[in-house]
Amino acid sequence: MIRLFVATIFTVWLVYPAIGAGLDAAAINNAEYRSKSSAGDKIDPAIVKTQVLLDRAQFSPGEIDGKLGENAQKALRAFAEAKGLVFDKALTPEIWTALAATSNDPVIAEYRISENDVKGPFLKKLPAKMEDMKSLKALSYTSPREAIAEKFHMSEGLLTTLNPGKKFDRAAETIFVTNVANKPAKLTIGQIEVDRSRQTVKAFDPSGVLIAFFPATVGSEEKPTPSGSFKVVSADANPNYRYNPDYRFKGVKSRQAFTIKPGPNNPVGSYWIGLSAEGYGIHGTPNPSKVSKSESHGCVRLTNWDAGLLGRNIKKGTPVVFVDEPQGGRKS
């Protein structure tokens, strides 16, 4: 076996046995360009590979699910634009070649479930209403499967499909996972651009070059995001969520302020980037599959891992610009 390393805390091994009817490690790792790769509900080995390569290149497809959905298409479009290529809802040989050149590491690897993965504590059920969350000691994961899927930026559906019959609550069990970043990215960010119409977030370096892309949920009709330019005022991992009754969120009846404890299933997920627009921020989410597909309470919502990547690399004072179309003059 060839030992690989995922970030600094995961150890995985490259293997090629079958992992499911019609979907195995070799099929995904060795997938090549096919002109018929397109949007749909079926898990496609080539799309799994595409999503992992995009994730490694800092062009996030959101949750990796093996389907060429809205967020994967957004990431492909941004990647193509950054490379000076044309994209129109489908992979092209040119985009595939450019993407494949970004990384040679296998995209599926074997992972041994650790004691930390299964020790919890886990929530028996995540309350649907905010008021019911305030008494909980932590907004933890609901299961080891959810925790492991998020660790590797995967949907629980893909994780289950790759591991038929496997139990995710047993330490030392070996499973197949997407082999995402080998080490945490270090980005020098000069400006953040939030596109309200395209529901995306872009990070540019100080010279204006696009260095990271994320699909996002940006506001709602009830509570739209602000317009204009702001600055980052804070960046905090594992934040408390403080509800202000002045927000008057739909479905929240409390007239008293309350606090919800930290955790990945906290309403703002596992990372909060505060902006100089009072009450607004860029943050994670307890529902990564709904990024770009639901509404937010005015803030900018990313997957927890994307919010973490941005939060770890952002600095106080970094400009955050809200636009409805990409700004001109970018080297993107």
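Small disclaimer: the values here were computed from a predicted structure and weren't measured. (Residues numbered from 1 in each chain as written. Predicted model: local features only at pLDDT ≥ 70, side-chain atom pairs only at ≥ 80, totals over all residues. Heavy atoms only, no water.)

Engineer: Could you give an account of the sheet that holds strand β13 (residues 281-283), naming the residues involved and the relevant values?
Structural biologist: The strand order across the open sheet built from nine strands is β7-β6-β5-β15-β9-β12-β13-β14-β8, with neighbouring strands paired in mixed fashion. Looking at strand neighbours, the two that pair on one side only are β7 (210-215) and β8 (217-218), the edges of this open sheet. Note that β8 and strand β14 (residues 300-301) share two bridges and pair antiparallel. Each bridged residue has a counterpart across the sheet, and for V218 the counterpart in β14 is V300. Across the sheet, helix α3 (residues 70-82) lies against β6 (200-204) and β7, angled at about 165 degrees from β7, the strand it touches most. In this fold helix α8 (residues 304-313) packs onto β5 (191-195), β6, β7, β9 (228-237), β12 (271-275) and β13, with an angle of close to 55 degrees to the strand it touches most, β12. (Pairing = 2+ DSSP bridges. Helix = DSSP H or I, 4+ residues; strand = E, 2+ residues; numbered from the N terminus. Contact = heavy atoms within 4.5 Å. Axes fitted to C-alpha atoms, helices over the stretch in contact; angles between N-to-C directions.)

Engineer: Got a sec to walk through the environment of F122? Specific residues and values, please.
Structural biologist: In this structure, F122 sits in the loop between α5 (115-118) and α6 (144-151). Remark: the alpha-carbon pair of F122 and S143, spanning 21 residues in sequence, is separated by 5.8 Å. Non-local contacts of F122, meaning those with residues more than four positions away in its chain, are made with D117, S140, Y141, T142, S143 and P144.

Engineer: Explain the packing of helix α2 (residues 45-56) against helix α4 (residues 93-100) to me, using residue names and the numbers behind them.
Structural biologist: Running from amino to carboxyl end, α2 crosses α4 at an angle of 55 degrees, the nearest separation of the two axes being 10 Å. Comparing their axes, α4 and α2 come out oblique. With respect to the hand of their crossing, α2 and α4 are arranged in left-handed fashion. Of the residues in α4, those in contact with A46, K49, T50, L53 and L54 of α2 are W96, L99 and A100. Here the residues of the contact of α2 with α4 are counted per class, giving six nonpolar, one polar and one charged. (Parallel < 35°, antiparallel > 145°, perpendicular 65-115°, else oblique. Left-handed = near helix turned anticlockwise from the far one by under 90°. Nonpolar A, V, L, I, M, F, W, Y, C, P; charged D, E, K, R; others polar.)

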